[in-house]
Structures are given as C-alpha cells and as structure tokens.
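# Structure at a glance
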Amino acid sequence: MNATPEAIDQDATAPGSERAPARRHATLLHAPRYRGHSYGDNHPLGIPRVSLTIDLIEAYDAITPGEMAVTRKAQPAELEWFHTREYVSAMQRAEALGKVFQRYRDRHNIGNFENPFFAGFFATPATATFGSIQGAEVVLGGQMAFNPAGGMHHAAPDQARGFCYFNDPALAILRLRQAGQRVLYLDIDAHHGDGVEAAFIDDPDVLTVSLHMDTEYGYPFEGGRIEDTGPLGNAVNVPLPKETNDSEFRAAFTRVWDAVLDRWRPDVIVVQAGTDALLPDPLGKFGISTQCFLACIDDVIETSPRHADGTPKLLVLGGGGYHPLALARCWTGVWALLTGRDLPAAIPAGGQALLREVDWDMDEEEAWYANLFVSRLDADRSGPVRPELEDRLERLFHTHPLLRG
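Residues numbered from 1 in each chain as written. Predicted model: local features only at pLDDT ≥ 70, side-chain atom pairs only at ≥ 80, totals over all residues. Heavy atoms only, no water.

## Regarding the overall build of the chain
Each helix and strand in the chain was counted, giving twelve helices and eight strands. Taken against the 2.2 N^0.38 rule, which gives 22 Å for 405 residues, the C-alpha radius of gyration of the chain at 20 Å falls within 12% of a compact globule. Projected onto its principal axes, the C-alpha positions of the chain cover 55 × 55 × 45 Å. Of all 405 residues assigned to the chain, the portion counted as buried reaches 62%. (Helix = DSSP H or I, 4+ residues; strand = E, 2+ residues; numbered from the N terminus. Rg over C-alpha atoms; globule rule 2.2 N^0.38 Å. Buried < 20%, exposed > 50% of the residue type's maximum accessible area, 1.4 Å probe, protein only.)

What follows is the structure, given as structure tokens:
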C-alpha cells in the first residue's frame, strides 16, 4: 500500500469522536441473512454492507445484545400497504421458481442488471423492509431505531427501480401514519429520494426533504428539481452541484433543516442515511467527509421531536453506499451518535483486520485509501461555498411555498 494516510482532525468535539457518556436508547435491526451474498457478482451492491457495519461496531465493543433486534420477512399483506399485489406475487414466484419470467422483467423491471435475480430475491428485501416497519414500531414504543438494511427509496408500487425492490421507507412512514404521526422524511443519500416523494405527494401530513446530486447527471435523471414541490408544497428538493464539499453540504443542510423543522413541526423524523455522498463512493459525485455526514445526523438527533422522557422520535434507515469501507466506518459513527457512545477515531486492531479482509481495491491509489483502514474519520474537506450553490438556495427559499417569506 503506497498511499499515505490523510491527516485527520481528531478534535474532541467532532461528531462521533468524543461525546458524553451514553445518553440514549436505540435499537439496531438486523438479520442473519444479511451475511449472505446478494445482488450477484459485478453489481454495485454485491458488497458487504450491513454485516461489515455490525462487525465494525462490535470491534469497537459498541453494542450489547439488548440493543439488537432480529427482524423477520414482511408479509405480503404488509408489503401491499404500498406495493401492488401483482408485483409482490411476481417477486415471490420468481424466488420460488429460481428465475424471472420475461413478462415480469418487462412489467416489473426485475431480473435485469439493475435489479438482478439472486438467491433470496424476495426474502432478503422483504426482511429489510420489515426491519423498517419494525423500526417505526420501536420509535412509537419510545426508542430510536436504526435499520442499516433499509433506505431503498427508489422502488415504485409495481416496479423495482435503482437497485430497490421494496420501498421500505414508504412502508415505515405508512406505519407511523397509521399511528396518527405527522412525519418529516429527510433523505441525504446522493440520489434523489423519488420513490418516497411520489408515495406521499398527496399526503398533507408527510413532508419529504431530499438533498441530492443534480438529477441532470445522477440517477434517477429526472425530477428532484427545486421547482418540484408537489401540489401541496410538501416536497423540498435541494439539488447540489458536483464535487459538493463539506462547507457547501453543511451550509445547504443547516439552512434547509432549520427552516423545515420550524415550519413543518413534525411528530417524528425518518432519515434515509445513504453514504454515497462520501468522497470515496464510486457512484456518488460529491466530496464530503464522514465528519460532515455525522454532523448532519447529530443535528437531526439534537433537534428531533421528543417522547415524554426526552428520547428523540427518530428512525434512521440505511440506503445507498457502494464503497464498503467508507460505508461501514460512517454507519458505525451513526450508531455511536444514536447511543451516545464515545468512540475513538482510531479503528481497533480487530476492526482494521476485518476491513483489510474485504475484497476491495478500487481506489487503492487514492490519497485517502490507507486511512480507510486506520481511522473512522477523514481529512477535513471544507472549501469555498460556490455562488452556484448560494444561488440555488436563494431560489429555493424565494419560490418554495413552505420556505418563502
């Protein structure tokens, strides 16, 4: 390994590095099947994600058995809160037969490179989906919840889209709506949260907020514009320019988050925390650091509505993230924030060893590569806030019916 580790700011105030003793209760949803290989070879999601995250958290000795809950498969009737019966049946039948019929490919966009067939084709996404429904129930019961297998925000009622078979964020929100909750959905994945936005565009008690790559150059290649507010004004879209740095992302996030919290006044928050906005990610086109990402999550935790005992009413879901090392480091930090644990920036020896066992060398010549194995945090990636971004924010706040005035 020839790369030199980047200099890391290990200031004690960095989110996720040094914090007060454990102050919160949270549950991490998981299932043994996440250790199996999904999506097949040569697919962006054919990498360890949830299992690697849990292993790294355990290497830090940062979780107890009581903080973990095993989830089950969502039942067809639960999936049909959002998805069509025909689509759910097609997914089940394909798994049972071990193949996808051409008519299912054509109608439901499954069994292709984008959304491939694999062992556990129905069971794995159905399990991840119930994890989000279960997470919503955990939040209703008084704790925070983290479902790293969730966050599949592109799926449509009758189609898989963008690697997403079932739209678990939509189903989790529907569970919260069943309990009469007014929901704010925040999506900080690098890609527009189009499926969730479409699901609730006519619901006056759900606000969707998405900070994402400009869809002119990123999936789903349409929608997600500042002007796309929905007929009720309950969609806030913040398209960001290529190579958005820490200063720019924080400026956009802070201004938008403070405003929507003040004007929407939700009962509960759902966050899609896809990590493809991080600099090393091969499918993202941003340049933000893990610290920047965690600072946003920390802001959400600190400002979320509360249960009577002060526990934030917050459900955090996974999402995109196609660099296993960057993802596991970041989601370990998310878990630390949710539980208030002190985690050093330096990765323990056991954690370093498991990261080095991952078959990943896509960016081994990059300056940051060596640091991925030894520290949870990155070099500071602050920079100038470009006029292009400032102009977009001004346009958003002058035109959006919720934010203007």
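## Comments concerning the pairing of strand β1 (residues 26-30)
Most of β1 sits out of view: five of its five residues are buried. Both faces of β1 are covered, namely the face carrying Ala-26, Leu-28 and His-30 and the face carrying Thr-27 and Leu-29. Pairing geometry for β1 and strand β3 (residues 144-147), over three bridges, is parallel. Paired with Leu-28 across the bridge in β3 is Phe-146. For the handedness criterion, the β-α-β arrangement of β1, helix α1 (residues 50-59) and strand β2 (residues 68-70) is classed as right-handed. (Pairing = 2+ DSSP bridges. Right-handed = clockwise from strand over helix to strand, strands pointing away.)

## What to know about the sheet that holds strand β5 (residues 206-213)
On the basis of which strands lie adjacent, the open sheet formed by eight strands has the order β2-β1-β3-β8-β7-β4-β5-β6 and parallel pairing. Bordering the open sheet on either side are β2 and β6 (235-240), each of which pairs with just one other strand. Across the sheet, the mean angle from the axis of one strand to that of its neighbour is 15°, orientation sign disregarded. Against the sheet, helix α5 (residues 123-140) makes contact with β1, β2, β3, β7 (268-272) and β8 (314-317), and its axis sits at roughly 170° relative to β3, the strand it touches most. (Axes fitted to C-alpha atoms, helices over the stretch in contact; angles between N-to-C directions. Contact = heavy atoms within 4.5 Å.)

## Structural notes on the environment of Tyr-60
Secondary-structure assignment places Tyr-60 in the loop between α1 and β2. Sequence separation between Tyr-60 and Met-362 is 302 residues, and the spatial gap between their C-alpha atoms is 26 Å. Not counting chain neighbours up to four residues away, the residues in contact with Tyr-60 comprise Thr-332, Leu-343, Pro-344, Ala-345, Ala-346, Ile-347, Pro-348 and Arg-376.

## Regarding the packing of aromatic side chains
According to the stated counting rule, one finds 15 aromatic pairs in the structure shown. With centroids separated by 5.8 Å and ring planes inclined at 85°, the aromatic side chains of Phe-122 and Phe-166 adopt a geometry described as edge-to-face. Of this pair, Phe-122 sits in the loop between α4 (102-108) and α5 while Phe-166 sits in the loop between β3 and α6 (168-178), and the two are 44 residues apart along the sequence. The exposure class of Phe-122 is buried, given its relative accessible area of 4%. Classification of Phe-166 as buried rests on a relative accessible area of 1%. (Phe/Tyr/Trp six-rings, centres within 6.5 Å; stacked < 30°, edge-to-face > 60°.)

## So, the pattern of salt bridges
Scanning the entire structure with this criterion turns up 18 salt bridges. The closest approach of N and O atoms between Arg-255 and Glu-394, which form a salt bridge, is 2.8 Å. Of this pair, Arg-255 sits in helix α8 (residues 246-264) while Glu-394 is found in helix α12 (residues 387-399), placing the two residues 139 residues apart along the sequence. Residue class for Arg-255 comes out partly exposed when judged on its relative accessible area of 33%. Overall, Glu-394 belongs to the partly exposed group, its relative accessible area being 35%. Between Asp-378 and Arg-381 there is a salt bridge, with its nearest N and O atoms 3.4 Å apart. Comparing Asp-378 with Arg-381, the two get one shared label, buried. A single network of salt bridges, built from pairs that share partners, joins Arg-177, Arg-182, Asp-203 and Asp-205. (Salt bridge = Lys/Arg side-chain N within 4 Å of Asp/Glu carboxyl O.)

## Focus: helix α10 (residues 324-339)
An ideal rise of 1.5 Å per residue puts 22 Å on 16 residues; α10 measures up with 22 Å between its terminal C-alpha atoms. Counting buried positions along α10 gives 16 out of 16 residues, so the element sits mostly inside the fold. Count one or two residues on from α10 and you reach Gly-340, which has phi positive near 75°. (Expected span 1.5 Å × (residues − 1).)

Such coordinate-based values are descriptive only and should not be taken to indicate function.
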